[in-house]
Amino acid sequence: MLLINTRRDTLLAPLQAVSGIVERRHTLPILSNVLLEKTGDVLTLLATDIEIQITSSTGGASGEGSGAVTVGARKLQEILRSLPEGAEVSLTLDDRRLLVKAGKSRFSLQTLPAEDFPGMALVDGEAMRLTLAQKEFRRLLGQTQFAMAALDVRYYLNGLLLLVDGSELRAVATDGHRLAYASMPLEHPPEALRAEGAARQELILPRKTVIELYRLLGDNDDPLTVEMLPNQIRFQFGQINLVSKLIDGRFPDYQRVIPASLKNVVSVGRAALLQSMVRAAILTNEKFRGVRLMLSEGSLRIMAANAEQEEALEEIEVDYSGEALDVGFNVAYLLDVLNNRSEETIEWGFNDANSSALLTIPGNERFRYVVMPMRI
């Protein structure tokens, strides 16, 4: 008999951490469940979708005996969310039913045997190990993840390139129309490389893994340990362990995509540009989302139009005296980068209306955003 007595919040926090990867409908019903395993006063929760596995543990799970069972992750989470904060909760396993009690509330949930739960096998082998602050890695993901492809037939684009190059960690994402690049220095060289000197290791994280990591990582200096293996990657932070398969493919050569030289560069206030883009986007074509950027001496005009012949025109004063330019872009691609930066100024570099534009941050060599023009 599995018996757990604890507070609602003690159980809800680790359940929310693991249940983000659980699909509501799955070909294997047990994959919609979370595995609860009690050993003494420690409760471990585990969820997987075969590609990713997340484990979280919590203390304070008092009660008689030990054991394991799987139960519907979403249903248990919604029940706990609906209970008052600080409520005392008990979980009892009785004849393949998990009884959840809190005050005068009673819930009886169907379970499946713990021994049938398909946990991921951990790959053996020598791993490259990194240790860094959670907020630093989360910031690296935040600067690039929005450029990942979704459901692209080029499966290697449906993820994020993570590359260790000596004492530098880089992240790159692209969907074929735009590319985001960010890097950060590593204060502690990767353990597997210390004896070998500078070396490279690159792998592609699946899109779902990147999104879950960004959700779970804290904006703090608490440590994050990353272990890289040939076809698997592991993250450990706080009470959470995340294991993910990798995308087996060759990522495009991002260095060839980033323009090596630019004829003209204009600096523009990020907030003013963002607000103008948001307003202009209201009247873009719903399918193509195109806006025209017309740059001339001292002025940047943003124009949008749709099939109903409605038009929007925004104008921003800029310090510019170079060549005039009239070029179209997908406004969603520009809004993504502007919403994910916090600096006051953005630099926009270009060669001509048919070439990729490069958006950078003044004084910051560790961020690059390339976006292809579109014909309007």
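See the structure above.
Structural notes, computed from the coordinates.

Calculation notes
Residues numbered from 1 in each chain as written. Predicted model: local features only at pLDDT ≥ 70, side-chain atom pairs only at ≥ 80, totals over all residues. Heavy atoms only, no water. Salt bridge = Lys/Arg side-chain N within 4 Å of Asp/Glu carboxyl O. Helix = DSSP H or I, 4+ residues; strand = E, 2+ residues; numbered from the N terminus. Buried < 20%, exposed > 50% of the residue type's maximum accessible area, 1.4 Å probe, protein only. Expected span 1.5 Å × (residues − 1). Pairing = 2+ DSSP bridges. Axes fitted to C-alpha atoms, helices over the stretch in contact; angles between N-to-C directions. Core = buried A, V, L, I, M, F, W, Y, C linked by side-chain atoms within 4.5 Å. Contact = heavy atoms within 4.5 Å.

The next point concerns the pattern of salt bridges. For the structure on display, the rule yields 18 salt bridges. A salt bridge links Glu-88 to Arg-7, with the shortest nitrogen-to-oxygen separation between them at 3.7 Å. One end of the pair, Glu-88, is in strand β6 (residues 88-94); the other, Arg-7, is in strand β1 (residues 3-7), with 81 residues separating them in the sequence. Salt-bridge contacts for Asp-9 lead to Arg-8; the nearest nitrogen and oxygen are separated by 2.7 Å. Judged by relative accessible area, which is 35%, Asp-9 ranks as partly exposed. A relative accessible area of 10% places Arg-8 in the buried class. Through salt bridges with shared partners, a single network forms among Asp-165, Glu-168, Arg-170 and Arg-366.

Moving on, we come to helix α1 (residues 8-19). Taking 1.5 Å of rise per residue, the 12 residues of α1 would be expected to cover 16 Å, and the 16 Å separating its terminal C-alpha atoms lies within 8% of that figure. Among the residues making up α1, those that are buried are Arg-8, Leu-11, Leu-12, Pro-14, Leu-15, Ala-17, Val-18 and Ser-19.

Taken in spatial order, the four strands make up an open sheet running β20-β19-β18-β21, and their pairing is antiparallel. One side of each edge strand has no neighbouring strand; the edge strands of this open sheet are β20 (311-317) and β21 (325-330). Direction aside, the axes of adjacent strands within the sheet are offset by 20 degrees on average. Pairing between strand β18 (residues 290-296) and strand β19 (residues 299-305): five bridges, direction antiparallel.

Below, the discussion takes up the pairing of strand β11 (residues 168-174). When you tally the buried positions in β11, you get seven out of seven residues, the bulk of the element. Burial along β11 is two-sided: the residues Glu-168, Arg-170, Val-172 and Thr-174 and Leu-169, Ala-171 and Ala-173 are all buried. Relative to β11, strand β10 (residues 159-165) runs antiparallel, the two being bridged by five bridges. Residue Leu-161 lies in a different strand from β11, and its bridge partner there is Val-172. Between the antiparallel neighbours β10 and β11 lie two residues, among them Gly-166 with a positive phi of about 65 degrees. With seven bridges joining them, β11 and strand β12 (residues 178-185) adopt antiparallel strand pairing. Its bridge partner lying in β12, Arg-170 is registered against Ser-183. Where β11 hands over to β12, the hairpin turn is made up of three residues, of which Gly-176 adopts a positive phi near 95 degrees.

Ranked by internal contacts, the top residues of the largest apolar core, which has 99 residues, are Phe-137 and Trp-348. A per-element tally of this core places helix α7 (residues 331-339) first, with six residues. If we ignore the near neighbours within four places in the chain, the residues touching Phe-137 are Leu-132, Leu-162, Leu-169, Leu-213, Leu-217, Leu-224 and Phe-235. If you look at the next biggest cluster of nonpolar residues, it comprises 12 residues, including Leu-161, Tyr-181, Ile-247 and Phe-251.

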